[in-house]
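Examining the three-dimensional arrangement
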Amino acid sequence: MFWLKRNLPRIVIAPSFGVIAWFVYGFIFWTIYVSFTKSKLLPQYQFWGLDQYYRLWSMPRWHIAVENLFIFTILFIILCVLIGIILAILLDQKIRAEGFLRTIYLYPMALSFIVTGTAWRWMLNPTLGLEKFAQDLGFSSFTFDWLVTPGMSIYTIVIAGVWQSSGFIMAIFLAGLRSIDDEIIKAAKIDGAGLISLYTKIILPMMRPVFMSAIVILVHLAIKSYDLVIALTAGGPGISSDMPAVFMTQMAFHRSEIGLASASAIMMFLTVSAIVVPYLYSELKREDDRK
Amino acid sequence: MIENNNQKYQQLEKASKTKNTIYRWILFLILAVFAAYYIAPLYVMIVTSFKTMAEIRQGNLFALPNDLNLESWYVAWNGQGFAAGDVFLKTYFWNSAKMVLPAVIISTIMGAINGYALTKWRFKGDSYIFLLFLFGTFIPYQSILLPMSRTLGFMGISNSIFGLILVHVIYGLCFTTLFCRNYYVSISDEIVKAARIDGAGFFKIFFKIMLPISAPILVVTVIWQFTQIWNDFLFGATFTFGKEAPIQVALNNMVLTSSSVKRYNVDMAAAIIAGFPTLIVYVLAGKYFIRGLTAGSVKG
Amino acid sequence: MKKIIAIFAMVLAPTFSYAGSSAEVLHWWTSGGEAKALKVLKDDFAAKGGAWTDMPVAGGGGDAAMQTLKARIVANDAPAAAQIKGPTIQAYDREGVVAPYNIDAVAKAEGWDKLLSKQVASHMKCDDGKAYCAAPVNIHRIDWFWANKKVLDSNGIKMPKSWDEFNAAADKLQAKGIIPLAHGSQPWQDATVFEAVALGIGGNDFYRKAFVEADAATLGGPVMVKIFDQMRKLKNYTDPGSPGRDWNVATAMVMEGKAGFQIMGDWAKGEFAAAGLNPDVDYYCGTTPSDNGYLYNVDSFIFFKVEGQDKVEGQKLLASLMMGQDFQKVFNIYKGSIPARLDVPMDDFDICAKKSNKDLNTAAKKGGLLPSFAHGMTLELGVKGAIQDVVTEHFNSDMSSQDAVTKLSAAVMAAS
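A quick note: this is a predicted structure, and the numbers were derived from the prediction, not measured. Per chain, residue numbering runs from 1 following the sequence as it is written. All chains are assigned letters beginning with A, and all ligands numbers beginning with 1, in the order in which they are written. Given that the model is predicted, a residue must reach a pLDDT of at least 70 before its local features are reported, and side-chain atom pairs must reach 80 or more before they are shown or counted; all residues, however, enter totals for whole chains, interfaces and linings.

**Describing the overall build of chain B**
Helix and strand definitions follow DSSP, with helices as H or I runs of at least four residues and strands as E runs of at least two, each counted in order from the N terminus. Looking only at helices and strands, one finds 14 helices and zero strands in chain B. Along the chain direction, N to C, the helices and strands of chain B fall in the order α-α-α-α-α-α-α-α-α-α-α-α-α-α. The buried share of chain B, reckoned over its 300 residues, is 53%. Considering only contacts in chain B between residues 6 or more positions apart, those separated by 24 or more positions represent 77%. Exposure in this text rests on C-beta crowding, where 20 or more other C-beta atoms within 10 Å of a residue's own make it buried, 12 or fewer make it exposed, and counts in between make it partly exposed. The C-beta atoms are placed from the backbone. The contact criterion used is a C-beta to C-beta distance within 7 Å, with each C-beta placed from the backbone.

Here it is in structure tokens:
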């Protein structure tokens, strides 16, 4: 009985832990194994070696996808955090219409990728959308054809992605600002800190943990940016806005290259691990040390 | 001392009033520009859904419709009246509702208990376990579809809403645990310690003490989960079939249909219908969402 | 709380059906003519006492549907029938998920060998051509020109008989400010145009060597350079809004006279029909220039291994209905294609379908009846995808034809 009581927290965690162990980590190991096989149409389990990885890295399309992932992730995170912070700070200036504006900034998060993609494809389409609108207004030389320009279409995905997620990041930062003690701000103002240095020197450094939440969520969204790509450009024009998640899905389900797809999934996973795990670990460590 | 400071502070505030007016205008301008960026797609969707196809082809993207044409909304909801292969949202909307409720409730409760156990009853290695949960949020879902369906098939719940609920609970757990843990970590351990000294057990403390003060974070978790599950297409399309499919699959069938003349007005009406529940949640509960986040969920 | 329990009960209650035969059909035909055509099948099935479950998953020419299908197969819970075609049918058979060929008995009893051409029948057979495992519903032709009659007539343009003629006509239209080629630059549409050009410029034997046998020398040869040169010309005949456009939007551009031509399979005809337009009155249908070539795309349904007598019965009934004379006629009139079955009277079909039927026989005699690679009737999917990647990359960039050819042979080597 005492044992049960002592270990109750562990027992309570156990089912969730078991579920995660199997459905997340078990499946990762499954994927690793399949990436070493010759699996084509359906998974098969005869060991084949590292060939799928050689094939993967010899494919120009994979290189395009990886490059795009870096462009997208970096821009997406920087813009979301930047816009999120700016909007949060501005909204925090005791604006009368705050509730209204906040809802407007936040609502894109509520929409699914199909909805987002459909709407933005319209807006960015040169013959139907913004370009035509501006030209109808009389700006006849106005061009905005990124969606159909190879090499630029990846940036339209950034635009739509930032549109969808930056409001949420704004909410997180706004919440962070609100939880900072007013007295600290007052004291800083009395000490003669200007508005900008107040934020850059005092408030933002205090919000370190907020950045952690924001970045976890943004990396998560960036890597899974499958939906947005499909809905907006489907990887086009050509294959110029391909991304690893799109690549993997195409290979696994449409091209009957399940082994190759698994190899690409593992590469994605390794990349994330290399970036995120040390960061998360150090953050958790800091937290523990504070205790 | 404090009073003195307050006086000084008010003087400072007054002095900067003129400067403030200019600042305010700039501030409003920036906020308005961003508001336009965010609202434009929704605006386009709404006006398009009320236009006729002729108006859409000729007219301007941002122009208001000539009159309120409700037909596209009717078609989106009820279909065009084909007996087979017709696309409409009606039944699928309720499918999603049936799926989303249990999935959200179960994953939220489990997340809350996990978060509580990981913060208030710390044991050796709990940080690592949390790290495992956290890292689970980064798994690309496409790579787990096949082993998942094998597992579901093995459990005999392949192809059912029940299976879909299970999938959503499992992959939602990582997030709900993350949110709740970060909230509970900011709550003073003293309350729990006091209760333990009084002889209260694990579950008693959870239900009597933690749960009543968890409302803010539960709101955040529920909103997040609701949005994720309602908007999911991948799992819905992979693990359900035919009449049991959730709404995003129906919407996809409608919008991405491969033949027949594109009816953009119907597409847009359908998109708004499919996004309506989540939109309402964000509009009505947005305030509590921010409040919940403020209450500590974002403190690391 | 009661409500929650009620919801749980609703969710968990299994749905039983006690009909003698049942079938779950996975497809991606979700609207317009296809939906109407499908209704015919569904009604026939119900009339014979079967319980029909529809599994439509639209989008990306079946990309999403493939996810569903593979998940089901891996879960040992395959649907009765799925919209699968070409060599993928035999590939599934090699994975062991098709045997014991439940519909073979029906096919033998009904004499499908006599009802189908040899070429079509060979696509439907598993187990080294010994047993039927799939049923064909139609034959689409890929290598078509669709043109606006008014635009062509008023500019004195005739349907082109050679690619040079087409280029001349396109130049003329472009000078008048009309978009010569309505095109949606999505990978599969680029590949569709590409194979029509390859058939025309390379000829029948070239096409067979390159896209049926995946012969490296042919894929990397000088003829291929010429084909890519023509692709570059075609690109310049499209408008800037072309990338990502859906094919039916491109068809609408031809209808409205914004564009002169479109190169697309005969499902485009369904669009013209839906808009109330008629061939030779409002639009022209003509084949793209080639030496009696005919690129075919046969839509078919594969019948997987299933458990349970009612499901097996359902498969048999379904296969029999799909091959029914009446169904093949009605379905194909809606769909724009021609029947796979040889003995369906063509009287009620329009002139384009009649032409397709006639050309099919000529092409079969002259060795020009060839499977479409863009639509998955030949080549392994990985190889097909690799070719498609290069084609679409070339079409949407300023890559030189020589570079494209080099890339093409390298990509095919890597994929096979």
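From this point, the narrative continues.
**Some words on the overall build of chain A**
Within chain A, the secondary structure is distributed over 13 helices and zero strands. In sequence order, the secondary structure elements of chain A are arranged as α-α-α-α-α-α-α-α-α-α-α-α-α. With respect to the principal axes defined by its C-alpha atoms, chain A has extents near 80 × 70 × 30 Å. Residues counted as buried form 48% of the 291 residues belonging to chain A.

**Let's talk about the domain arrangement of chain B**
Residues and elements named next belong to chain B. Here the bounds of each domain stem from an automatic or database domain assignment. Each domain of chain B was delimited in the assignment, giving domain 1 (2-69) and domain 2 (90-297). Elements that contribute at least two residues to the side of domain 1 that touches domain 2 include exactly α2 (17-49) and α3 (53-58). Looking at which element gives the most residues to the side of domain 1 that touches domain 2, the answer is α2, with four residues. Basically, the charged four are Asp, Glu, Lys and Arg, the nonpolar ten are Ala, Val, Leu, Ile, Met, Phe, Trp, Tyr, Cys and Pro, and anything else, Gly included, counts as polar. For the side of domain 1 that touches domain 2, a count of residues per class yields four nonpolar, two polar and one charged.

**Some points on helix α11 (residues 204-212) of chain C**
All names here are of chain C. Of all the positions in α11, only Y207, A210 and F211 are classed as buried. The buried residues of α11 occupy an angular sector of 80 degrees when the element is viewed end-on, so they sit on one face. Where α11 is buried, its residues meet α10 (187-202), α12 (216-219) and β14 (369-371). Of the residues one or two after α11, A214 is the one with positive phi, at around 50 degrees. Starting at the helix axis, one direction is taken to each C-beta atom, and the arc is that of these directions.

**A few points about the interface of chain A and chain B**
A common way to report how large an interface is uses the accessible area buried once the components associate. Contacts between the two partners involve 84 residues from chain A and, on the opposite side, 72 residues from chain B. The element that contributes the greatest number of residues to the side of chain A that touches chain B is helix α1 (residues 2-35) of chain A, accounting for 15 residues. Looking at the side of chain A that touches chain B, its residues break down into 57 nonpolar, 15 polar and twelve charged.

**Examining the packing of helix α6 (residues 126-135) of chain B against helix α8 (residues 161-184) of chain B**
Residue and element names in this part refer to chain B. Here the axes come from fitting lines to C-alpha atoms, over the contacting stretch only for helices, and the angles between their N-to-C directions go from 0 to 180 degrees. Orientation of α6 relative to α8, taken along the N-to-C sense of each, is 130 degrees, at an axis distance of 8 Å. The orientation of α6 with respect to α8, classified from their angle, is oblique. When you trace α6 past α8, the crossing you get is left-handed. Every residue of α8 that contacts α6 at F130, F133 and L134 is listed here: C174, T177, L178 and R181. Residues of the contact of α6 with α8, tallied by class, amount to five nonpolar, one polar and one charged. Geometric relationships in this document are graded by angle, where less than 35 degrees denotes roughly parallel, more than 145 denotes roughly antiparallel, 65 to 115 denotes roughly perpendicular, and other angles denote oblique. Here is the rule for handedness: rotate from the far helix to the near one, and if that takes an anticlockwise turn smaller than a right angle the crossing is left-handed, while a clockwise turn gives right-handed.

**A word on the confidence of the model for chain B**
Residues and elements named next belong to chain B. Looking at chain B, pLDDT values average 82 and 86% of them are 70 or higher. Summary of the metric used: pLDDT quantifies the predictor's per-residue confidence within the range 0 to 100. The lowest-confidence element of chain B is helix α1 (residues 2-15), averaging 65 in pLDDT; the highest-confidence one is helix α5 (residues 90-120), averaging 91. Scoring the predicted complex yields pTM 0.86 and, for the interface, ipTM 0.83.

**Topic: the sheet that holds strand β9 (residues 179-181) of chain C**
Residues and elements named next belong to chain C. Here, any two strands with at least 2 DSSP bridges between them count as paired. Pairing within the open sheet is mixed, and its four strands lie in the order β9-β10-β8-β11. On the outer flanks of this sheet lie β9 and β11 (283-287), each paired with one strand and no other. Recorded for the sheet is a direction-independent mean angle of 20 degrees between the axes of neighbouring strands. Taken together, the five bridges between strand β8 (residues 144-148) and β11 define a ladder with antiparallel strand orientation. Opposite N148, over in β11, you have Y283 as the bridge partner.

**Brief notes about helix α5 (residues 113-124) of chain A**
Along its twelve residues, α5(A) runs 16 Å from first to last C-alpha, staying within 8% of the 16 Å computed at 1.5 Å per residue. Residues F113(A), I114(A), V115(A), T116(A), G117(A), T118(A), A119(A), W120(A), R121(A), W122(A), M123(A) and L124(A) constitute the buried set of α5(A). To estimate the expected span of a helix, count its residues, drop one, and scale the result by 1.5 Å.

**Structural notes on the environment of Q225(B)**
Within the secondary structure layout, Q225(B) lies in helix α11 (residues 215-230). Those residues within four positions of Q225(B) in sequence are excluded, and the remaining contacts are V104(B), S107(B), T108(B), G172(B) and T176(B).

**Some points on the nonpolar core**
If you look at the biggest cluster of nonpolar residues, it comprises 314 residues, and the most contacted ones within it are A270(B) and I302(C). It is α8(B) that contributes the most residues to this core, 16 residues altogether. Connectivity within a nonpolar core runs through C-beta atoms within 7 Å, and the core itself is a set of buried Ala, Val, Leu, Ile, Met, Phe, Trp, Tyr and Cys residues.

**A look at the sheet that holds strand β12 (residues 294-297) of chain C**
All names here are of chain C. Taken in spatial order, the three strands line up as β7-β12-β14 in an open sheet, and their pairing is mixed. One side of each edge strand has no neighbouring strand; the edge strands of this open sheet are β7 (140-141) and β14. Judged from the three bridges that link them, β12 and β14 form a sheet pairing that is parallel. From the neighbouring strand, Y296 faces β14, where its bridge partner is P371.

**Focus: unusual backbone geometry**
Residue and element names in this part refer to chain C. At the junction of A99 and P100, the peptide bond is cis and its omega measures out at 15 degrees in the coordinates. Tracing the sequence through the fold places P100 in the loop between α4 (87-94) and α5 (104-110). The phi torsion at A214 lies on the positive side, around 50 degrees, for a residue other than glycine. Inspection of the secondary structure puts A214 in the loop between α11 and α12. Taking the number of C-beta atoms within 10 Å as the measure of exposure, A214 has 22 and is therefore buried.

**Brief notes about the pairing of β12(C)**
Residue and element names in this part refer to chain C. Of the two faces of β12, the one lined by Y294 and Y296 and the one lined by L295 and N297 are each fully buried. As paired strands, β7 and β12 are joined by two bridges and run antiparallel to one another. Residue H140 lies in a different strand from β12, and its bridge partner there is N297.

**Side note on the environment of L164(B)**
Its location among the elements puts L164(B) in helix α8. Each C-alpha atom of the pair L164(B) and A274(B) lies 19 Å from the other, and the pair is 110 residues apart in sequence.

**Describing the packing of α5(B) against α11(B)**
Residue and element names in this part refer to chain B. Two elements in contact, α5 and α11, have axes separated by 9 Å at closest approach and are oriented at 140 degrees. It follows from the interaxial angle that α5 and α11 lie oblique. Crossing geometry of α5 relative to α11 is assigned as right-handed. Seen from α5, the contacting residues are S96, V100, A103, V104, S107, T108, G111 and A112; seen from α11, they are L218, T221, V222, Q225, F226, I229 and W230. Here the residues of the contact of α5 with α11 are counted per class, giving nine nonpolar, six polar and no charged.

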